[in-house]
Amino acid sequence: MKVYDEVVNMVKPKFAYVHLAACSGCEISFIDNFERLLDMMDMVDFEYITLLKDVQEMPAVDIVFIDGAPCLQSEESVKMLKEARSKAGFLVAWGGCSATSCINNFSRGGQMAQPQHESFPQVCRIVKVDAFVPGSPPGPEMAYNIIKAFVEGDTEYLRYLTTYEVGGFACGCDLMKNIIENALCIGCGACAMSCPTRAITMVLGRPCINWERCVKCGACYAQCPRSFLPVPVMDRMMEGL
Ligand code: SF4
Ligand code: SF4
């Protein structure tokens, strides 16, 4: 792929982190790499990330993480996203709000301090996304792994994040069809924990969905560790633990 060929010739890739409408949990998860942040800074130059660096305008970078969903009623929000796309070589939709829009799909507006803000589409509806990382938030190690894979040109690792399917819509039905019926469930309970309507209860170690409560936000599917990472990639992530 072109982007990886370019990485090989880079002295040190430049990194940016852009925060759109979201709760900041994904940004905190990123920061929760603690001392591993130093390793990440060895791999890429942190050029723009509001929690760590006082820079007002995003420069041109090689890789950008977009956290949160753009708001269609906010010109600034959409402009920021388009600008990030135009300035970045590789764009990662980081977290559920960015990758699938998640529960934001059901926003009806009317909330203070911006009651007119009511439409929050997933990032790929507005700009091209190169990698999707669902999860609310994704674990800190995902940020580290992605940056490492990008710098090393590890296409095998990134391949599973670059398919459009993980950035589409998902719901409790997907959890049943793709995970439970394929015997992929490990009974971790992440789906039940992530459900905003408490539609999922764990029964004998497996999720049981109350369909009357399901609002099809996709949070459970995005949060499930088996929903987008195939077994060989998961095995690699577990190495050394
Ligand atoms: S089961 Fe819960 S988390 Fe999953 S799609 Fe339905 S409402 Fe969302
Ligand atoms: S998150 Fe996935 S693996 Fe974990 S209990 Fe739910 S369906 Fe099973």
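Reference entry: report on the structure contained in this document.

Rules and cut-offs
- Residues numbered from 1 in each chain as written.
- Chains lettered and ligands numbered in written order.
- Predicted model: local features only at pLDDT ≥ 70, side-chain atom pairs only at ≥ 80, totals over all residues.
- Heavy atoms only, no water.
- Helix = DSSP H or I, 4+ residues; strand = E, 2+ residues; numbered from the N terminus.
- Buried < 20%, exposed > 50% of the residue type's maximum accessible area, 1.4 Å probe, protein only.
- Contact = heavy atoms within 4.5 Å.
- Areas by Shrake-Rupley, 256 points an atom, 1.4 Å probe, with all protein chains shown as cover.
- Salt bridge = Lys/Arg side-chain N within 4 Å of Asp/Glu carboxyl O.
- Near = heavy atom within 4 Å.
- Nonpolar A, V, L, I, M, F, W, Y, C, P; charged D, E, K, R; others polar.
- Pairing = 2+ DSSP bridges.
- Axes fitted to C-alpha atoms, helices over the stretch in contact; angles between N-to-C directions.
- 1 Å grid on protein atoms, 1.4 Å probe; cavity = no way out; pocket = protein on both sides within 12 Å on 5 of 7 lines; lining within 4 Å.
- Points joined across faces, edges and corners; volume = space filled by probe spheres on them.
- Arc of directions from axis to C-beta.
- Patch = residues over 30% accessible without salt bridge, like charges linked within 9 Å, V, L, I, M, F, W, Y side chains within 5 Å.
- Core = buried A, V, L, I, M, F, W, Y, C linked by side-chain atoms within 4.5 Å.
- Phe/Tyr/Trp six-rings, centres within 6.5 Å; stacked < 30°, edge-to-face > 60°.

The subject of this paragraph is the overall build of the protein. Counting secondary structure elements, the protein contains eleven helices and seven strands. Within the protein, the fraction of its 241 residues that count as buried is 49%. Put simply, of all contacts in the protein between residues at least 6 apart along the chain, 74% involve residues at least 24 apart. With an accessible surface of roughly 12,300 Å², the protein has 55% of that area assigned to carbon and sulfur atoms.

The next point concerns the pattern of salt bridges. Taken as a whole and judged by the stated rule, the model has seven salt bridges. We note a salt bridge from Glu 47 to Lys 14, for which the minimum N-O separation is 3.8 Å. On the criterion of sequence distance, the pair formed by Glu 47 in strand β2 (residues 45-49) and Lys 14 in strand β1 (residues 14-19) is long-range, its members being 33 residues apart. Look at the salt bridges and you will find they share partners, linking Glu 57, Glu 83 and Lys 87 into a network.

What follows deals with the site of ligand 1. Around ligand 1 sit 13 residues in total, of which Cys 195, Cys 214, Cys 217, Gly 218 and Cys 220 are the nearest. Grouping the amino acids of the shell around ligand 1 by side-chain chemistry returns nine nonpolar, three polar and one charged.

Pairing is parallel in the open sheet, where five strands are placed in the order β2-β1-β3-β4-β5. Bordering the open sheet on either side are β2 and β5 (131-133), each of which pairs with just one other strand. Between one strand axis and the next, the sheet turns through 20° on average, direction left out of account. For β1 and strand β3 (residues 61-67), the ladder comprises five bridges, and the chain directions are parallel. Looking at β3, one finds that Tyr 17 is bridged to Phe 65.

Further remarks concern the site of ligand 2. Neighbouring ligand 2 are 14 residues, the closest being Cys 185, Cys 188, Gly 189, Cys 191 and Cys 224. At the level of secondary structure, the elements contributing two or more residues to the shell around ligand 2 comprise α8 (172-180) and α9 (190-194). For the shell around ligand 2, the element with the highest residue contribution is α8, accounting for three residues. Classifying every residue of the shell around ligand 2 by side-chain character gives twelve nonpolar, two polar and no charged.

What the second largest pocket holds in volume is close to 370 Å³. In terms of lining, the second largest pocket is formed by 16 residues, of which the most central are Ala 21, Cys 71, Gln 114, His 117 and Phe 120. Taken together, the residues of the lining of the second largest pocket break down into seven nonpolar, eight polar and one charged.

Moving on to helix α3 (residues 36-43). Listed as buried for α3 are Leu 37, Met 40 and Met 43. All buried residues of α3 fall inside an arc of 110° around its axis, so they share one side. In α3, the exposed positions that point more than 90 degrees away from the buried face belong to Leu 38 and Asp 42. Check the buried side of α3 and you find it contacts α2 (25-31), β2 and α6 (140-152).

Right, let's talk about a nonpolar patch on the surface for a bit. Taken together, the side chains of Ile 28, Leu 38, Met 41, Leu 51 and Leu 52 define a hydrophobic patch exposed on the protein surface, amounting to about 450 Å² of accessible area. Turning to its location among the elements, Leu 38 is positioned in helix α3.

Taking burial as the measure, the five residues of β2 include four buried ones, the bulk of the element. The sheet contact formed by β1 and β2 spans four bridges and is parallel. Residue pairing across strands places Ala 16 opposite Tyr 48, the latter belonging to β2.

As a further point, take the nonpolar core. With 27 residues, the main nonpolar core has Phe 15, Phe 30, Met 40, Phe 65, Trp 94 and Ile 146 as its most contacted residues. Among the elements that take part in this core, α6 stands out by supplying seven residues, more than any other. In contact with Phe 30, other than residues within four places in its own chain, are Phe 15, Tyr 17, Leu 37, Met 40, Phe 46, Ile 49, Phe 65, Trp 94, Ala 143 and Ile 147. Counting 19 residues, the second largest nonpolar core, distinct from the first, contains Tyr 48, Leu 81, Cys 124 and Val 129.

This next bit is on the packing of aromatic side chains. For any two aromatic rings, the description comes down to two numbers: the centre-to-centre distance and the angle of the planes. In the structure shown here, the tally under the stated rule is nine aromatic pairs. When the ring of Phe 30 is compared with that of Phe 46, the centres are 6.0 Å apart and the planes differ by 45°; the resulting orientation is tilted. Within this pair, whereas Phe 30 is found in helix α2, its partner Phe 46 is found in strand β2, the two being separated by 16 residues in sequence. Exposure class is identical for Phe 30 and Phe 46. Each is buried. Considering the side-chain rings of Phe 65 and Trp 94, the 5.1 Å spacing of their centres and the 40° angle between planes classify their relative orientation as tilted. With Phe 65 in strand β3 and Trp 94 in strand β4 (residues 88-94), the pair connects residues that are 29 residues apart, well separated along the chain. Pair check on accessibility: Phe 65 and Trp 94 agree, each one buried.

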